[in-house]
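Structural characterization, general
Read off the chains here:
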There are 2 protein chains.
Amino acid sequence: MQKILLASTSTLFGQAYLEYLLEELQSFFADKSTITFVPYARPSGITHDAYTQLVQTAFSKINKSVVGLHSFKDPLEGIDSAEAIFTGGGNTFLLVHQLHQLGLMNPLREKIMAGTPYMGTSAGSNIAGPSMKTTNDMPIVYPPSFDTLGVVNFNLNPHYLDPDTKSKHKGETRETRIREFHIFNSTPVIGLREGNYIMVDGNHKTLKGKGTARIFEAGKKPYESGNIPF
Amino acid sequence: MQKILLASTSTLFGQAYLEYLLEELQSFFADKSTITFVPYARPSGITHDAYTQLVQTAFSKINKSVVGLHSFKDPLEGIDSAEAIFTGGGNTFLLVHQLHQLGLMNPLREKIMAGTPYMGTSAGSNIAGPSMKTTNDMPIVYPPSFDTLGVVNFNLNPHYLDPDTKSKHKGETRETRIREFHIFNSTPVIGLREGNYIMVDGNHKTLKGKGTARIFEAGKKPYESGNIPF
């Protein structure tokens, strides 16, 4: 039975890294002592080691150990031996590039489908859907494919922002971008606002955090929902 | 001698399409009667025909005809016979995908290098640099490559936005994203704010519009500049 937690962001304004999620993570990872961390998204270009240290600092508050996937000589073995997996945010193109280059996308998918708890924040949540085609990130590297894990049947748009009706800026809104996605793709998209996260427990999916999520389906008007309609 | 105009945006708030640029375009396209329009970026999914019509409406105010590149049976012939070229904004991934699929990237580059006036707005400006790796757009389709025209020696970030110091949103700022780009790439990047545009006349490059542009060079602190330092 799959056990998946997908968060819009790792950090709420004015809080420490993962702070708002720690209580939830205590029960999500209840019977696990070590979390295997996927550091490849490298926010602001932070090193794998420094990123893993940051994650260790947060998880030590709930008495979990953290091991960086980059520290395995063979990362496949790192996936294989993982009790639980967390993929952090950063640049989705870089993350997906690394996972494909290292041949880890399929093994990671199989591991999650076999029931290993998986948690993602931001880019780490993005890759849970069938593709990374609804990321907000900049294409700083060219990945071999935009296909991702597909362990859930929807795409995510993390850090979802509502259109600013007062703005004079003419860059595309998130809603416009996702509408453009749906001209070429049929996967539904969940605009997940900061502070919200999705819990998957087998076939049971729950939206957690405050308020609703913005749901985009091809050919439909976007709407608000307090649960996951797929 | 190359003649290139790269604008951050097509439209300023409260104005008609291309309105703020029309006077400049009158002299930029002075001796040209027909503009060949590249409609492939399809903003909000608008059709090629509807997009070309929008562009025709704007250019008719300065007595220019517009022909959509999509209306040629062989788009290569469309490039070949063009007096002047304009690529409109929309989704950069879609635009680059189409140009590569149709084998138009090299012919378009050669045409511009041979002196045919080229104008771009937003996505159409993005493709003038060596790569599309500093676009803000969503990766709704997977292009065969992120390489673009390289008719200028810098990348652009159109619709550039300064970090909002009052924001509580934790999504990456533009500056963070471009810093991530420079970990893997050395091409300098110009953050071009709305209302600004770059004019290239052979080796002479000018920043036009109000104020300065934000300049990003690998390994340097970003800075403001009223001219193009490359």
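First things first, this report covers the structure right here in the doc. Source: prediction; values computed, not measured.

Opposite charge on two side chains lets them pair, provided their charged atoms get close. Following the criterion strictly, the structure yields 14 salt bridges over all chains and no others. Residue Arg214 of chain A is joined to Glu175 of chain A by a salt bridge in which the shortest nitrogen-to-oxygen separation is 3.8 Å. Of this pair, Arg214 of chain A sits in strand 10 (residues 213–216) while Glu175 of chain A sits in helix 7 (residues 174–184), placing them 39 residues apart in sequence. Accessibility assignment for this pair places Arg214 of chain A and Glu175 of chain A in one class, buried. Between Glu24 of chain B and Lys208 of chain B there is a salt bridge; the shortest N-O distance is 3.1 Å. Of this pair, Glu24 of chain B sits in helix 1 (residues 22–28) while Lys208 of chain B sits in strand 9 (residues 204–208); the two residues are 184 residues apart in sequence, bridging distant segments of the chain. Residue Lys208 of chain B is classed as partly exposed on the basis of its relative accessible area, which comes to 30%. Ionic contacts of the salt-bridge type, sharing partners, join the residues Asp162, Glu175, Arg193, Arg214 and Glu224 of chain A into one network.

Counting from both sides, the interface comprises 47 residues of chain A and, opposite them, 47 residues of chain B. Here chain A meets chain B over a buried area of about 4000 Å², counting both sides, of which 62% is carbon and sulfur. Across the contact surface, chain A and chain B share two salt bridges. Asp137 of chain A is the partner of Arg177 of chain B in a salt bridge, and the nearest nitrogen-oxygen pair spans 3.3 Å. Listing elements by their share of the side of chain A that touches chain B, those giving two or more residues are helix 4 (92–101) and helix 7 of chain A. Classifying every residue of the side of chain A that touches chain B gives 19 nonpolar, 17 polar and 11 charged.

This brings us to helix 7 of chain A. Residues and elements named next belong to chain A. Where burial is concerned, most of helix 7 is hidden: eight out of the 11 residues are buried. Taken as a whole, helix 7 has its buried residues at Arg174, Glu175, Thr176, Arg177, Ile178, Glu180, Phe181 and His182. Among the structural elements, strand 6 (155–157), strand 7 (189–191) and strand 10 are those in contact with the buried residues of helix 7.

Let us now look at the sheet that holds strand 5 (residues 118–121) of chain B. Residue and element names in this part refer to chain B. With respect to topology, seven strands assemble into an open sheet ordered 3-2-4-5-1-8-9, the strand pairing being mixed. Unpaired on one side and paired on the other, strand 3 (65–68) and strand 9 mark the two borders of the sheet. Between one strand and the next, the sheet's axes are offset by a mean angle of 20°, whatever the strand orientation. In this sheet, strand 5 lies alongside strand 4 (residues 85–87) in parallel orientation, the contact comprising three bridges. Residue pairing in the sheet places Thr87 in a bridge with Gly120 of strand 5. The sheet strands contacting helix 2 (residues 48–60) are strand 2 (34–38), strand 3, strand 4 and strand 5, and the helix crosses strand 3 at an angle near 165°.

Cut-off values and rules
- Residues numbered from 1 in each chain as written.
- Chains lettered and ligands numbered in written order.
- Predicted model: local features only at pLDDT ≥ 70, side-chain atom pairs only at ≥ 80, totals over all residues.
- Heavy atoms only, no water.
- Salt bridge = Lys/Arg side-chain N within 4 Å of Asp/Glu carboxyl O.
- Helix = DSSP H or I, 4+ residues; strand = E, 2+ residues; numbered from the N terminus.
- Buried < 20%, exposed > 50% of the residue type's maximum accessible area, 1.4 Å probe, protein only.
- Contact = heavy atoms within 4.5 Å.
- Buried area = accessible area lost by both parts, 1.4 Å probe.
- Nonpolar A, V, L, I, M, F, W, Y, C, P; charged D, E, K, R; others polar.
- Pairing = 2+ DSSP bridges.
- Axes fitted to C-alpha atoms, helices over the stretch in contact; angles between N-to-C directions.

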